[in-house]
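Chain and residue survey
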Amino acid sequence: MISVQAFNQLNRVLEQKTGISLAKNKRDIVGSRLSSRLRATQCESYNEYYHFIISEKGSNELSTFIDKMTTHETYFFREASQFEFLLSYLKDKPPKRFPIRAWSAASSTGEEAYSIAMILEDLFYNHSWHVYGTDISETTIAMAQEALFAISTVSKVPKKYKKSYCLKGYGVHDGSFSVTKQIKSNCTFSVDNLLAPSTLDYSFDIIFLRNVLIYFDETKQLKILNNVIKRLNHAGLLFLGHSESLRYKRDDLKMLQPCIYKKISP
Ligand SMILES: C[S@@+](CC[C@H](N)C(=O)[O-])C[C@H]1O[C@@H](n2cnc3c(N)ncnc32)[C@H](O)[C@@H]1O
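Quantities reported herein were computed from a predicted structural model and do not represent experimental measurements. Numbers given to residues run from 1 along each chain, matching the order in which its sequence is written. The model is predicted, so local features are restricted to residues of pLDDT at least 70 and side-chain atom pairs to those at 80 or more, both for listing and for counting; the totals for chains, interfaces and linings are taken over all residues. Side-chain numbers here rest on the full set of heavy atoms in the structure, without hydrogens or water.

**Re helix α7 (residues 138–146)**
Along α7, the residues classified as buried are Thr140, Ile141 and Ala144. The buried residues of α7 occupy an angular sector of 100 degrees when projected down its axis, which confines them to one face. Lining the buried residues of α7 we find α6 (111–124), β2 (129–135) and β6 (187–191). Ala147 occupies a position one or two residues after α7 and carries a positive phi of about 60 degrees. Burial classes follow relative accessibility: with a 1.4 Å probe on protein chains only, a residue under 20% of its type's maximum area counts as buried, one over 50% as exposed, and anything between as partly exposed. Numbering of helices and strands starts at the N terminus; helices are DSSP runs of H or I of at least 4 residues and strands are runs of E of at least 2. Arc, as used here, means the arc of the directions from the helix axis to the C-beta atoms. A contact between two residues is defined here by any heavy atoms of the two lying within 4.5 Å.

The following block contains the structure:
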């Protein structure tokens, strides 16, 4: 069982690296999520594990620790009604300027970014567009760059896009699928922290910031929202997760639908 002291120490590391702080009642969950890591790193206690991950020797394990402590659940066309909204909005009001740039902020393993990419390619195949995905987790970003997904998850991709943009794996990739070269080459992924984003030097027409704010306290949520909204172009669209909200009405955003906003000031 993990001691209160070890839980607090590990929680502090998590907060320093990601901004996420776990509630005291998550102590047992942390213990069970990390028990296999204790065995893998041959640490005899959670306290020893804590000292290991903050040491120079434990820098690789630090990234595994962050992965174990955070939730990466995602899938293609998650919260499908938001993608339907994006599609019909872009059809009705096609952008006047190209390239169109979209950002999947907290992209996890890339399904969200590739879902946006399929819509953009379908509508604007003869224009330029690009989707950027960022996440704090090195493992998920490496998986997003690889773009190999379990074939069972392709069922979430609408038929039309599946036919045009998904490729079934053969041989060593049996049981997987990927996306076409055109989709993959227009998606770029990088490791970045939403509390202090530094890798993206662009402003965006579309930003998905979904299912990540819930992990932060109110102050950090506001900081993340400000970091993200300042990178949204005038008239650009912001999508939040269905269980997330802006908390306060903002003068720079107009709600188009619950969890979907348009930037109204530069
Ligand atoms: C539940 S996933 C959301 C994936 C996708 N946006 C979706 O809605 O399907 C949350 C992701 O947020 C990432 N994350 C947590 N803290 C972060 C931070 N400070 N900066 C960037 N990403 C972070 C996690 O690594 C995880 O992959």
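**Notes on the packing of helix α2 (residues 27–41) against helix α4 (residues 59–69)**
At a minimum axis distance of 10 Å, the contact between α2 and α4 shows a crossing angle of 155 degrees. Relative to α4, the element α2 is oriented roughly antiparallel. For the crossing formed where α2 meets α4, the hand is right-handed. Between α2 and α4, the contacting residues are Val30, Arg33, Leu34, Ser36, Arg37 and Thr41 on the first element and Glu61, Thr64, Phe65, Lys68 and Met69 on the second. Amino acids outside the nonpolar list (Ala, Val, Leu, Ile, Met, Phe, Trp, Tyr, Cys, Pro) and the charged list (Asp, Glu, Lys, Arg) are all regarded as polar, and Gly is one of them. Here the residues of the contact of α2 with α4 are counted per class, giving four nonpolar, three polar and four charged. All axes are obtained by fitting lines to C-alpha atoms, using only the stretch in contact for helices, and the reported angles, taken between N-to-C directions, cover 0 to 180 degrees. Oblique is the label for every angle not falling under 35 degrees (roughly parallel), over 145 degrees (roughly antiparallel), or within 65 to 115 degrees (roughly perpendicular). Two helices that cross are described as forming a left-handed crossing if the nearer one is turned anticlockwise from the farther one by less than a right angle, and a right-handed crossing if clockwise.

**Comments concerning the site of the ligand**
Nearness here has a simple test: a residue counts as near a molecule or strand if at least one of its heavy atoms is within 4 Å of that partner. Contacts to the ligand come from 20 residues, most closely from Thr74, Ala106, Asp135, Asn193 and Asn211. Two N or O atoms count as a polar contact when they lie within 3.5 Å, although within protein this holds only if one can serve as hydrogen donor and the other as acceptor, and sequence-adjacent residues are included solely when both atoms are side-chain atoms. Between the ligand and Thr18, the relevant distance is 2.9 Å, taken from a nitrogen atom to a main-chain nitrogen or oxygen of the residue. A distance of 2.9 Å is found between a nitrogen atom of the ligand and a side-chain nitrogen or oxygen belonging to Asn193. With the chains in place, 99% of the 600 Å² that the ligand exposes on its own is no longer accessible. Computed by Shrake-Rupley with a 1.4 Å probe, the accessible areas treat only the displayed protein chains as cover when residues are assessed.

**Some details on the sheet that holds strand β9 (residues 253–257)**
The mixed open sheet is built from seven strands, whose spatial order is β6-β2-β1-β7-β8-β10-β9. Here the strands that pair on one side only, and so sit at the sheet edges, are β6 and β9. Shown here is a sheet whose adjacent strand axes are inclined to one another by a mean of 20 degrees, direction ignored. Sheet analysis places β9 next to strand β10 (residues 260–263), joined by four bridges and oriented antiparallel. Note on β10: the bridge partner recorded for Leu253 is Lys263. Sheet strands touched by helix α5 (residues 80–92): β7 (204–209), β8 (232–240), β9 and β10. Its angle to β8, the strand with the most contacts, is close to 155 degrees. Of the strands in this sheet, β2 and β6 are in contact with α7, which crosses β6 at around 165 degrees. Here, any two strands with at least 2 DSSP bridges between them count as paired.

**Some details on the UniProt feature "binding site: S-adenosyl-L-methionine" (unreviewed entry) in the protein chain**
UniProt positions are given in the numbering used here, feature names are shortened, and annotations may be inferred rather than shown by experiment. What UniProt calls "binding site: S-adenosyl-L-methionine" (unreviewed entry) maps, in this numbering, to Thr74, Arg78, Glu112, Asp135, Asn193, Leu194, Arg210 and Asn211. Locating Leu194 in the fold gives a position in the loop between β6 and β7. Residues in contact with Leu194, not counting those within four places in the same chain, are Trp103, Ala105, Ala106, Leu209, Val212, Ile224, Asn227 and Val228. Within the fold, Asn211 resides in the loop between β7 and α10 (218–229). Sequence-distant contacts of Asn211, defined by excluding residues within four places in its chain, comprise Arg78, Glu79, Gly241, Ser243 and Glu244.

**Quick word on the packing of aromatic side chains**
Paired rings are identified among Phe, Tyr and Trp, the last through its six-membered ring, by centres lying within 6.5 Å, and are further divided according to the angle between planes into stacked (under 30 degrees), edge-to-face (over 60) and tilted (the rest). Following the criterion strictly, the structure yields 18 aromatic pairs and no others. The interplanar angle of 70 degrees and the centroid separation of 5.8 Å between the aromatic rings of Tyr132 and Phe204 together place this pair among those described as edge-to-face. Of this pair, Tyr132 sits in strand β2 while Phe204 sits in strand β7; the two residues are 72 residues apart in sequence, bridging distant segments of the chain. The buried category is assigned to Tyr132, whose relative accessible area is 8%.

**Digging into the pairing of strand β1 (residues 100–105)**
By the criterion of burial, β1 is predominantly enclosed, with five of the six residues buried. Pairing between β1 and β2: six bridges, direction parallel. When the bridges of β2 are listed, Ser104 appears paired with Gly133. Place the viewer so that the strands point away; then a crossover is right-handed whenever the path from the first strand over the helix to the second strand goes clockwise. Once you follow β1 into α6 and on to β2, the crossover reads as right-handed. In the sheet, β1 pairs with β7 via four bridges, with the strands oriented parallel. Residue Trp103 lies in a different strand from β7, and its bridge partner there is Ile207.

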